[in-house]
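# A look at the structure
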Amino acid sequence: MIEPAGEAMAKLKFIVLAELALLFFILVFLFYRTRSQVTLLEGYEVRSTTGVSDNLWKAVGLNVESRRYIDVSGGGEILDDVQAYRSNLLIRNQFDDVDLKVEPIKLNINTSDVMVVLHIQKTGGTTFETYLVRHTNVKPPCHCNKMVSNYKRDVCTCLNDKGQDWMINRHATGWVCGVHADFTELTDCVDTWFNSQDNENRERRYHYVTLIRDPVIRFISEWLHVRRGATWKECRLHCDGRDASLAEVPFCFDHGTWGGVSFEEFINCSSNMAFNRQTRMLANLSLSDCYRLNSTKTQKERDEIMLQSAKQNLMKSFKFFSPLEYIEEGQLLFEQMFLGFSFTRKMTCKKYSAATNYAVLSEKHWDLVVERNLLDIRLYQFAKDLFLQRLARMNIPVQPRNHESRIVPAGLKYSVVTL
């Protein structure tokens, strides 16, 4: 007996669906069987040890090619900050109580208090500085002219009741210590500059503030910014009484700009100042012999001195810092540190900046960025942990984030397994 065409078609669909369901269950079984062969951190998602999370995928378009996982079931090497970064982990440090305790101050701009903004390239500093001059309750307020097309920043004056500047901010004072002056340059310059402006040697209490950023994202953002024509050639790189020479820090390009530079060219220039920029700009460079070619210290020794100096400065010399990725929480911390100083608008961080939303990197290239910025990664892991612990101390809640780093204890041993 011949079945009606409709019944035959229905049976065929049933058979196909049943086979697909069986295939699905087989794949699920194989997945969990494979996964059970590796002991993972409790609650830790199965993913590449390169630390690639969804937000990083979208930010730099990273293509992951390997299948490597952290195994903590037995011995192995002690987890360090670089491997932790690659694995989206964060090692919990034991800080002294004095370094976690936030000492609020009443900012008095009419007497001795002066705020100094250290602006590291591609860390959200332009937005931060704009909020400081345009969106606060400070009295008397800053006065700003609207941005004009041929002068790509606000032009503001931030004066106290005596007509004196109370903040070093590119929008208010310009680059008084040089373009994107670093900590070494600022500490050498600001007092002399204020004395010349005030015509008096008054006692001042300087409060340094800055933003930092995920090192890989920041590096990619700088590459794309330079690709569009930025150079920062005017940076002085001043240290121990003189500017760095071209022999010490040669340009990576021969013409006016490095516009259109490829990723390969950018990352292969050995004198590229984008490498470990955050560490260098936050350190006291005199301790590591500045940019001198005739240092008696090895490069490894100089790097370690610079890193430790940057860590100490962030922890003890900066009244405030925040990772750009936590700018909302950073705003709350800022307002609790500077009593009576509040923002009139909530600070927000673009989830993915225009500079990074179209860059596509292979895993090989991502690893290259990591290898060229090891100091910045170690600094960022340290600073992020310090910042989060300070938030906890101040009872400031951290907003939920996709693929947030897992906190792990120091001394954890691990091995990498490739499936």
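Labelled according to an unreviewed UniProt entry, the protein appears under the name Heparan-sulfate 6-O-sulfotransferase, originating from Biomphalaria pfeifferi. Regarding the protein, the relevant UniProt record gives this comment under Sequence similarities (unreviewed entry): "Belongs to the sulfotransferase 6 family."

### Quick look at the pattern of salt bridges
Enumeration over the complete set of coordinates arrives at 20 salt bridges. Taking the shortest distance from any N to any O, the salt bridge between Arg205 and Asp113 comes out at 2.6 Å. Of this pair, Arg205 sits in strand 9 (residues 205-212) while Asp113 is found in strand 5 (residues 113-118), placing the two residues 92 residues apart along the sequence. In this structure Arg205 comes out as partly exposed when scored by relative accessible area, which is 38%. Note that Glu222 is salt-bridged to Arg218, the shortest N-O span being 2.6 Å. Of the two residues, Glu222 and Arg218 are both situated in helix 7 (residues 215-227); the distance of four residues between them amounts to about one turn of the helix. With relative accessibility at 2%, the residue Glu222 sits in the buried group.

### Comments concerning a nonpolar patch on the surface
There is a patch of nonpolar side chains on the surface, built from Leu17, Leu20 and Leu23 and spanning about 310 Å² of accessible area. Mapping Leu20 onto the fold places it in helix 1 (residues 5-35).

### Remarks on empty space enclosed by the protein
According to the stated counting rule, one finds four cavities of 30 Å³ or more in the structure shown. The calculated volume of the largest cavity comes to roughly 90 Å³. In terms of lining residues, the largest cavity is bounded by 15 residues, among which Val117, Ile168, Trp175, Ala181 and Leu186 are the most central. Here the residues of the lining of the largest cavity are counted per class, giving eight nonpolar, five polar and two charged.

### As for the packing of helix 7 against helix 12 (residues 363-372)
The contact between helix 7 and helix 12 brings their axes to 10 Å, and the two run at 100°. It follows from the interaxial angle that helix 7 and helix 12 lie roughly perpendicular. Here helix 7 contributes Val216, Phe219 and Ile220 to the contact with helix 12, which in turn contributes Trp366, Val369 and Val370. Per-class residue counts for the contact of helix 7 with helix 12 are six nonpolar, no polar and no charged.

### Thoughts on the sheet that holds strand 8 (residues 167-168)
Spatially, four strands are ordered 8-5-9-12 in an open sheet, and the strand pairing comes out parallel. Of all strands in the sheet, those bounded by a partner on one side alone are strand 8 and strand 12 (318-323). Bridge count between strand 5 and strand 8: two bridges; the pairing is parallel. The residue of strand 8 that forms the bridge with Val116 is Ile168.

### As for the nonpolar core
Formed by 77 residues in total, the largest nonpolar core has its most connected members in Met115, Phe128, Trp166, Phe334, Phe338 and Phe341. Ranked by residues supplied to this core, first place goes to helix 13 (residues 374-393) with nine residues. Counting residues in each nonpolar core, the second largest holds 25 residues, with Val261, Cys269, Trp366 and Val370 among its members.

### A closer look at unusual backbone geometry
A cis amide bond links Lys139 to the next residue, Pro140, at an omega of -5°. Mapped onto the fold, Pro140 is located in the loop between helix 5 (125-134) and strand 6 (143-145). The backbone phi angle of Asp289 is positive, close to 70°, even though this residue is not glycine. Along the polypeptide, Asp289 turns up in the loop between helix 9 (277-282) and helix 10 (299-317). Residue class for Asp289 comes out buried when judged on its relative accessible area of 11%. If you check the backbone angles, Cys290 has positive phi at about 50° while not being a glycine. Examined against the element boundaries, Cys290 turns out to sit in the loop between helix 9 and helix 10.

### Here we look at the confidence of the model for the protein
Of all residues in the protein, 81% have pLDDT values of 70 or greater, and the mean over the chain is 84. A low-confidence stretch, residues 31-65 (pLDDT under 50), is modelled with 98 contacts involving residues beyond four sequence positions or located in other chains. With pLDDT under 50 throughout, residues 354-358 is counted as low confidence; its partners more than four residues away or in other chains account for 14 contacts.

### Focus on the layout of surface pockets
One number sums up the size of the second largest pocket: a volume of about 780 Å³. Residue lining of the second largest pocket: 28 residues in total, with Asn276, Gln299, Asp303, Met306 and Leu375 positioned closest to the centre. Of all the secondary-structure elements, those providing two or more residues to the lining of the second largest pocket are helix 10, helix 12 and helix 13. Considering each element in turn, the lining of the second largest pocket owes the most residues, six residues, to helix 10. Residue composition of the lining of the second largest pocket, by class: 12 nonpolar, six polar and 10 charged.

Parameters and conventions
- Residues numbered from 1 in each chain as written.
- Predicted model: local features only at pLDDT ≥ 70, side-chain atom pairs only at ≥ 80, totals over all residues.
- Heavy atoms only, no water.
- UniProt positions renumbered as here; feature names shortened; annotations may be inferred.
- Salt bridge = Lys/Arg side-chain N within 4 Å of Asp/Glu carboxyl O.
- Helix = DSSP H or I, 4+ residues; strand = E, 2+ residues; numbered from the N terminus.
- Buried < 20%, exposed > 50% of the residue type's maximum accessible area, 1.4 Å probe, protein only.
- Patch = residues over 30% accessible without salt bridge, like charges linked within 9 Å, V, L, I, M, F, W, Y side chains within 5 Å.
- Areas by Shrake-Rupley, 256 points an atom, 1.4 Å probe, with all protein chains shown as cover.
- 1 Å grid on protein atoms, 1.4 Å probe; cavity = no way out; pocket = protein on both sides within 12 Å on 5 of 7 lines; lining within 4 Å.
- Points joined across faces, edges and corners; volume = space filled by probe spheres on them.
- Nonpolar A, V, L, I, M, F, W, Y, C, P; charged D, E, K, R; others polar.
- Axes fitted to C-alpha atoms, helices over the stretch in contact; angles between N-to-C directions.
- Parallel < 35°, antiparallel > 145°, perpendicular 65-115°, else oblique.
- Contact = heavy atoms within 4.5 Å.
- Pairing = 2+ DSSP bridges.
- Core = buried A, V, L, I, M, F, W, Y, C linked by side-chain atoms within 4.5 Å.
- pLDDT = per-residue confidence, 0-100.

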